[in-house]
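Report on the structure
Chain residues, written in single-letter form:
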Amino acid sequence: MAEKTVLIVDDSRVSRMLIKSVVVDRHPEWVILESGSGDEALTHVGEAIDLMIIDFNMPGMNGMMLSEQMKAHYPDAHISMLTANVQDSIQQRASALGIGFEKKPITEAKIANIMSQVE
Amino acid sequence: MPSDGKRNSRCTAMQESDHLFEKVLDLSENGLFLIDSERKIVLWNEWMVKASSIERDEAIGFTFSEVFPALAGKRVASVINAALDSRTASLLSRSLNKAIFPLFFAGGNGEKHRIEQSVTVKPIRSNGDDYCLVQITDVTSMVQREEVLKVLAKEAEEALHAAEDVSRFKSEFTSTVSHELRTPLTSIRGSLGLVSSGVMGALQPEVNKLIDIAYSNTERLLFLINDILDIDKIESGNMSFVMEAVDLMPLLKQAIEANQPYGDQYQVHYCLKEEVAQGIKVHADRDRLMQVFNNLLSNAAKFSSENSDVEINVIQKGGMVRVEVKDSGIGIPLKFQSRIFEKFSQADGSDTRKVGGTGLGLSISKAIMEMMKGAIGFATEEGKGTTFYIDLCLYDAEKVT
Amino acid sequence: MLEINDIQRDYITEVLNISMGSAASVLSEMVNEEVALSVPEIDFLQRNIAANKFDQTSESKMSGVTQSMSGALSGDALLMFPEEKTLSIVRILLGESVSVENLTEMEQEAMCEIGNIILNAVVSSVANILEQEIVSSLPRFIKGTGKEIYAVDAGNEDLVMFIKVDFGLESQSINGYVTMMLNVDSLQNFMTQLDEQIHAI
């Protein structure tokens, strides 16, 4: 299977650790990029990215704004929002933007489901 | 055997205590039932039997959804699950959940009425087993009481609106009518004045006398209308004030001069006794202050005995200046003193004709003084006279800028 | 004195984000509007200091609902609104327009239920994530200034974990918050559990 690059954007270090552990477990060969904020994530623009897992509630730019920008830079990449903010309105905005949506808490099954989009 | 006997007696004691426990539950004024972790009902008190018409043997041993099939999937079912699975307590209020359980009480004429309910669901753990206690309180009478309360609140609100409407109408009516009256009255007074002055030709003395009566009564009506308009402005908060530094002594002297002809009618002389330094300035609206002076000076003349002096004193006290107007009249009767600044109040209603005036002047003066952050008051002694005073703020240029 | 390190704080914040997220979703469904949430504020304080801190942030009258917790975590959870907002949120939900100045008894009960639903969503979500059991009590309606509400804690110097999350409903301009005061004796156990979960990653 081809090597993929995943960008994980979440202000919570524990959440990034959790997501990373599932990714590494399933695909040790994948490259993992981590960012603690939207602005930090934008510094990776230009690098090859296949999958983005983005939190919604973050200090500064929220995940929806980041996703919009990333969508423009990477029309072919898969973006999934993984968030504690599980209100219907957020889900609707995600689907309007054409990105995936998963509810926190983070579980192995949810991450596996997101990864299956690019496997 | 003795040991069996002992065990038996313990069993009996336990059975008795269970029996007592059940009796207590049956006497409860609330509906009570207990559900075990299998969702089976294990306790069903007498209140439940009566209100639901479900007998104890039709409930105990059956699951909640067997007893209440219509409630499957409803919030009450999910909070029972939450109490059993995650030990959370829940409240289902009557306002957010209309008639949760199908429970009824019998009315007087055999009719059945639905019971309005407030329901609590609590987790209980006993000997390692989880249970859920459902308690139902009949809040029917509270609901009825609050419905009455809401009707009353609504009525009170409507009554308040109606009163506001009436008051607004009254105020609009007063101001419209007064304006409409003032215009023709002014022209009548003007015409009467011309006729009386003889420019239209000399008049018979009898005619002249009648014209003078008509003239002075027209003038009284105009004063009354102007006062009513002032009161209306004060009450609706539309009286505007231009607060400035007013040179006090020249204004007061001007007021005294202007009122002397009126004083002459009563053979009363105004006499300025004490003065403050020339150039002292007060913080006031010039025209309104003049209006207050006119009111106090004319009142003093009216209520003084003939051939007497009205004394005027000006005293400075700290940041205030007091202007006193002292008459030698009959004084204000004690029982009337508290109403002196009320509208249409003169000590003796029958007195009005003799002394003239609308009975609005002092009430207007008081409102004006309050608007100018000053004060008005009086001291009186029956038979000896009355002193009215006003307190004005000294103009403090620094404070104002 | 109990200390928390960065990673523990990060984890608690995330647990609360998720729990408040599910509570906000419940509230959002009730009022049919998106609920904005702040980042949870977490502090270790003496109970009386926490009460004062609370009072400084809200001098006006508040009203709301409190529930106590026992089990893996013990303490109190509160849902608070400025008093006049409580009136409007209850009446939005009940669809009533009567202008009685205070909540009637039935309306207070309705407010208790609203608080109960939201606080249960928070508490049971915390319990689920931590795989622990937290028993919640029935809700109680409270009102007054922060000082009055916490008057009972005036002399209490026990250490608590003070957690506060603000939320808002934009179109109604209603702001409120959820606070929790967790007793430290139960926190030791909670932190152990937290560390185990962190190490398991």
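Now for a quick tour of the structure. (Residues numbered from 1 in each chain as written. Chains lettered and ligands numbered in written order. Predicted model: local features only at pLDDT ≥ 70, side-chain atom pairs only at ≥ 80, totals over all residues.)

**Looking at the interface of chain A and chain C**
- At the junction of the two partners, chain A supplies 16 residues and chain C supplies 19 residues.
- Among the elements that take part in the side of chain A that touches chain C, helix 1 (residues 13-26) of chain A stands out by supplying six residues, more than any other.
- Looking at side-chain class alone, the side of chain A that touches chain C contains seven nonpolar, seven polar and two charged residues. (Contact = placed C-beta atoms within 7 Å. Helix = DSSP H or I, 4+ residues; strand = E, 2+ residues; numbered from the N terminus. Nonpolar A, V, L, I, M, F, W, Y, C, P; charged D, E, K, R; others polar.)

**Quick notes on the packing of helix 9 (residues 286-303) of chain B against helix 12 (residues 361-371) of chain B**
Residues and elements named next belong to chain B.
- Packing of helix 9 against helix 12 brings their axes to within 10 Å, and their N-to-C directions diverge by 145°. Between helix 9 and helix 12 lies a crossing of left-handed hand. In this structure, helix 9 contributes Arg-288, Gln-291, Val-292, Asn-295 and Asn-299 to the contact, and helix 12 contributes Gly-361, Leu-362, Ser-365, Ile-368 and Met-369. (Axes fitted to C-alpha atoms, helices over the stretch in contact; angles between N-to-C directions. Left-handed = near helix turned anticlockwise from the far one by under 90°.)

**Observations regarding the interface of chain C and chain B**
- Counting from both sides, the interface comprises 24 residues of chain C and, opposite them, 24 residues of chain B.
- Where the side of chain C that touches chain B is concerned, the elements lending two or more residues are helix 3 (83-94), helix 4 (105-130) and strand 5 (134-136) of chain C.
- Among the elements that take part in the side of chain C that touches chain B, helix 4 of chain C stands out by supplying twelve residues, more than any other.

**As for unusual backbone geometry**
- The residue after Lys-104 of chain A, namely Pro-105 of chain A, is reached through a cis peptide bond having omega 5°.
- By the element assignment, Pro-105 of chain A lies in the loop between strand 5 (100-103) and helix 5 (108-115).

**Description of the nonpolar core**
- In this structure, Met-52 and Ile-53 of chain A, Ile-80 of chain B together with Ile-118 and Val-122 of chain C are the most contacted members of the largest nonpolar core, which totals 113 residues.
- It is helix 4 of chain C that contributes the most residues to this core, 14 residues altogether.
- The residues touching Val-122 of chain C, leaving out its near neighbours within four places in the chain, are Ser-19, Met-20, Ala-23, Ala-77 and Val-178 of chain C.
- Membership of the second largest hydrophobic core comes to 33 residues, among which are Ala-300, Val-321, Ile-364 and Ile-368 of chain B. (Core = buried A, V, L, I, M, F, W, Y, C linked by C-beta atoms within 7 Å. Buried ≥ 20, exposed ≤ 12 C-beta atoms within 10 Å, placed from the backbone.)

**Brief notes about helix 4 of chain C**
Residues and elements named next belong to chain C.
- End to end, helix 4 covers 37 Å across 26 residues, agreeing with the expected 38 Å (1.5 Å per residue, within 8%).
- The buried fraction of helix 4 amounts to 23 of the 26 residues, a majority that puts the element mostly inside the structure.
- Two residues or fewer past helix 4, Glu-131 is found with a positive phi of approximately 50°. (Expected span 1.5 Å × (residues − 1).)

**Brief notes about helix 5 of chain A**
Residues and elements named next belong to chain A.
- Burial in helix 5 covers these residues: Ile-111, Ile-114 and Met-115. The buried residues of helix 5 occupy an angular sector of 100° when the element is viewed end-on, so they sit on one face.
- Those residues of helix 5 that are buried are in contact with helix 1, strand 3 (51-54), strand 4 (78-83) and strand 5. (Arc of directions from axis to C-beta.)

**Quick word on the sheet that holds strand 2 (residues 31-35) of chain A**
Residues and elements named next belong to chain A.
- With parallel pairing, the five strands of this open sheet are ordered in space as 2-1-3-4-5. What marks the edges here is a single partner per strand, and that holds for strand 2 and strand 5. Each adjacent strand pair in this sheet contributes to an overall mean axis angle of 20°, direction not counted.
- Set on the sheet, helix 1 makes contact with strand 1 (5-9), strand 2 and strand 3; between it and strand 1 the angle comes to about 160°.
- Its contacts with the sheet put helix 3 (residues 63-73) on strand 1, strand 3 and strand 4, and the angle it makes with strand 4 is roughly 175°. (Pairing = 2+ DSSP bridges.)

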